[in-house]
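An overview of the molecular structure
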Amino acid sequence: SDTSMVPKKDPKEPLISGVFRVKLTEEGTKLELPLLDDPHLVATMKSYNPDIGFGADGLTFDSKGNLYCGNFADGTLHKTEFDSDGKPKQKEAPIFAKAEFMKSCDGIFCDLSTDKIYVADSLANAVQVVSPDGSVQMLAQDAENDGSGGRLDQPSEVLLRGREVIASNIDFPVPGGINQKWDKPYTISVIKLD
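Now for a quick tour of the structure. (Residues numbered from 1 in each chain as written. Predicted model: local features only at pLDDT ≥ 70, side-chain atom pairs only at ≥ 80, totals over all residues. Heavy atoms only, no water.)

Counting its secondary structure elements, the chain contains 0 helices and 14 strands. Rg of the C-alpha trace for the chain: 17 Å, near the compact-globule value of 16 Å for 194 residues, within the 12% margin. Along the three orthogonal principal directions, the C-alpha set of the chain runs to about 45 × 40 × 35 Å. Carbon and sulfur atoms form 53% of the exposed surface of the chain, whose accessible area is close to 10,300 Å². The centroid of the 21 positive side-chain charges in the chain is displaced by 2 Å from the centroid of its 31 negative side-chain charges. (Helix = DSSP H or I, 4+ residues; strand = E, 2+ residues; numbered from the N terminus. Rg over C-alpha atoms; globule rule 2.2 N^0.38 Å. Areas by Shrake-Rupley, 256 points an atom, 1.4 Å probe, with all protein chains shown as cover. Lys, Arg positive; Asp, Glu negative; His and termini not counted. Charge placed at Lys NZ, Arg CZ, Asp CG, Glu CD.)

Pasting the structure below:
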């Protein structure tokens, strides 16, 4: 994913970001400029948050082969479906999931047994769960803290291990986020699902 592939000329314009696909047999490939014209571009998305310059961030696939990409700045999850030839059905990835309480969409992970997608919501200092119907539920959230005791401290990546969600915390304060103080950027949180 390229979180900012088209520089903004005007702060009122949306930020354009995207996802590229390069085959293993294409090692050494250089993308063409402008990036919007590169044949490896699979999907684009727009971000409208004027305070955060990050768009496409975090990728995962569901059990049906659909691609999901998080939009960090807007806190939305976008879905790209492919046709039988492996080509995207549309160039701009539509919003699949959005919730008022989901403030950002950073690292994402799909549980292929349920197709639930776990979202590291850095700005809300939370982990969200997106169901296959696009509904969003908050799994865990913490107030500002230093990550001690396993608390969430600006999660940036998530994964599922058995019946535990493991979150890697980055502690990188971003405007509008719960995390406002710099402290250790190397904590891990474990959320038990049972």
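Along the chain, the position of asparagine 71 falls in strand β5 (residues 67–71). Separated by 76 residues in the primary sequence, asparagine 71 and glycine 147 place their C-alpha atoms 24 Å from one another. When sequence neighbours within four positions are dropped, the list of residues in contact with asparagine 71 reads Met45, Lys46, Ser47, Phe54, Gly55, Thr76, His78 and Cys105. One polar contact links the side chain of asparagine 71 to the main-chain amide nitrogen of aspartate 74, over a distance of 3.4 Å. (Contact = heavy atoms within 4.5 Å. Polar contact = N/O pair within 3.5 Å; in protein donor to acceptor, adjacent residues only side chain to side chain.)

All right, on to the pairing of strand β3 (residues 41–47) then. Counting buried positions along β3 yields 6 of 7 residues, so the element is predominantly enclosed. Two elements, strand β2 (residues 15–20) and β3, share 6 bridges in a ladder whose sense is antiparallel. Residue pairing across strands places glycine 18 opposite threonine 44, the latter belonging to β3. (Buried < 20%, exposed > 50% of the residue type's maximum accessible area, 1.4 Å probe, protein only. Pairing = 2+ DSSP bridges.)

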